[in-house]
Amino acid sequence: MSVQPVRINSGDQKHAVLNGVALAAHRSGRQVLALPATSAAIEFASSYRYSHRTESAADGIGKLHHKQFRLEPGALVIVDDADHLTAEQLTWLIRNAGTTNTQLLLAVSQNAAGGQSRYLVDALADNLPWSTGRDNATGGSLSAMSRVAAHLNDRDHLSTTERTAAALLACRDERVESYRELAAPLKFRSHARASAERDAGLSL
């Protein structure tokens, strides 16, 4: 739960969401690092400051990778226009969040042209049970898994490959439901606690 993708509209909504999340982190005594992934996101971060430190995504990832600066456990990394990262950069940030016990917010502007990794961030947003979206006009998931599930549900006779796919999807659904049942009391307890935990994954 250290990784949180969020799909928002650029402009006032983006400012409200990023500023609100950053303020919550500030008030909990957490570091906030902004890694904007486009020139527009860099300009936005300069105009609407929401972090203690701002680095371009490429520079920031390099400095984190080479230990030029370190993040404290529970620190928040916000990547605006995260779909413009490369697949390798996105994967590295996700793994780094897990190994360093930090939080990673991947923000994507729904009303802007998608970047090279939009499909990867969409996959996270559509399939992580705790992901957040704003102004989803369809009101539902558009993930490849959802489209495959809908396709298989409409079929009367399935091939061997299709039956295998259906079984894998059913297994995934069971695991997601089990996760939600386990996470619900943890979320409740995290809101009830007054003191901060070392494991900050739930606070997003």
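Here is what the cut-offs are and how they apply
- Residues numbered from 1 in each chain as written.
- Predicted model: local features only at pLDDT ≥ 70, side-chain atom pairs only at ≥ 80, totals over all residues.
- Heavy atoms only, no water.
- 1 Å grid on protein atoms, 1.4 Å probe; cavity = no way out; pocket = protein on both sides within 12 Å on 5 of 7 lines; lining within 4 Å.
- Points joined across faces, edges and corners; volume = space filled by probe spheres on them.
- Helix = DSSP H or I, 4+ residues; strand = E, 2+ residues; numbered from the N terminus.
- Nonpolar A, V, L, I, M, F, W, Y, C, P; charged D, E, K, R; others polar.
- Buried < 20%, exposed > 50% of the residue type's maximum accessible area, 1.4 Å probe, protein only.
- Pairing = 2+ DSSP bridges.
- Right-handed = clockwise from strand over helix to strand, strands pointing away.
- Contact = heavy atoms within 4.5 Å.
- Core = buried A, V, L, I, M, F, W, Y, C linked by side-chain atoms within 4.5 Å.
- pLDDT = per-residue confidence, 0-100.
- Salt bridge = Lys/Arg side-chain N within 4 Å of Asp/Glu carboxyl O.

### Things to note about empty space enclosed by the protein
Step number 1: Within this structure, the stated rule accounts for 1 cavity of 30 Å³ or more.
Step number 2: Here the largest cavity defines a volume of roughly 30 Å³.
Step number 3: Lining the largest cavity are V77, L93, N96, A97, T102, Q103 and L104.
Step number 4: For the lining of the largest cavity, the secondary structure elements donating two or more residues are α4 (87-100) and β5 (103-109).
Step number 5: Here the element with the most residues in the lining of the largest cavity is α4; it accounts for 3 residues.
Step number 6: Grouping the constituent residues of the lining of the largest cavity by class yields 4 nonpolar, 3 polar and no charged.

### Focus: the pairing of β5
Step number 1: With 7 of its 7 residues buried, β5 lies for the most part within the structure.
Step number 2: Alternating positions in β5 separate into two faces, Q103, L105, A107 and S109 on one and L104, L106 and V108 on the other, with burial throughout.
Step number 3: Here 5 bridges tie strand β4 (residues 76-80) to β5, and the two strands are oriented parallel to one another. In the strand pairing of β5, D80 is matched with A107.
Step number 4: With respect to chirality, the unit in which β4 leads through α4 into the neighbouring parallel β5 is right-handed.

### Points about the side chain of D80
Step number 1: Mapped onto the secondary structure, D80 falls in strand β4.
Step number 2: Discounting residues that sit within four places of it in the chain, D80 has contacts with K14, L18, L35, P36, A37, A41, F44, Y50 and A107.

### Observations regarding the nonpolar core
Step number 1: With 20 residues, the main nonpolar core has L35, V79, L85 and L104 as its most contacted residues.
Step number 2: Going through the elements one at a time, α3 (57-65), β4, α4 and β5 are the ones with two or more residues in this core.
Step number 3: If sequence neighbours within four positions are ignored, V79 has contacts with L35, A37, L85, L93, L104, L105, L106 and A107.
Step number 4: Formed by 14 residues, the second largest nonpolar core is a distinct cluster that contains I8, A22, A45 and I78.

### Regarding the confidence of the model for the protein
Step number 1: For the protein, the mean per-residue pLDDT works out to 81, and 80% of the residues sit at or above 70.
Step number 2: Segment residues 134-141 is flagged for pLDDT under 50; beyond a separation of four residues in sequence, or across chains, it makes 7 contacts in the model.
Step number 3: pLDDT under 50 marks residues 190-203. Its contacts with residues more than four places away, or in other chains, come to 18 contacts.

### Observations concerning the pattern of salt bridges
Step number 1: In the structure shown here, the tally under the stated rule is 7 salt bridges.
Step number 2: With a shortest N-O distance of 3.3 Å, R7 and D122 are connected by a salt bridge. In this pair, R7 sits in strand β1 (residues 3-8) while D122 sits in helix α5 (residues 118-127), placing the two residues 115 residues apart along the sequence.
Step number 3: Judged by its relative accessible area of 12%, R7 falls in the buried class.
Step number 4: Its salt-bridge partner being E55, residue K63 comes within 3.1 Å of it at the nearest N-O pair.
Step number 5: Judged by relative accessible area, K63 falls into the partly exposed class, the value being 25%.

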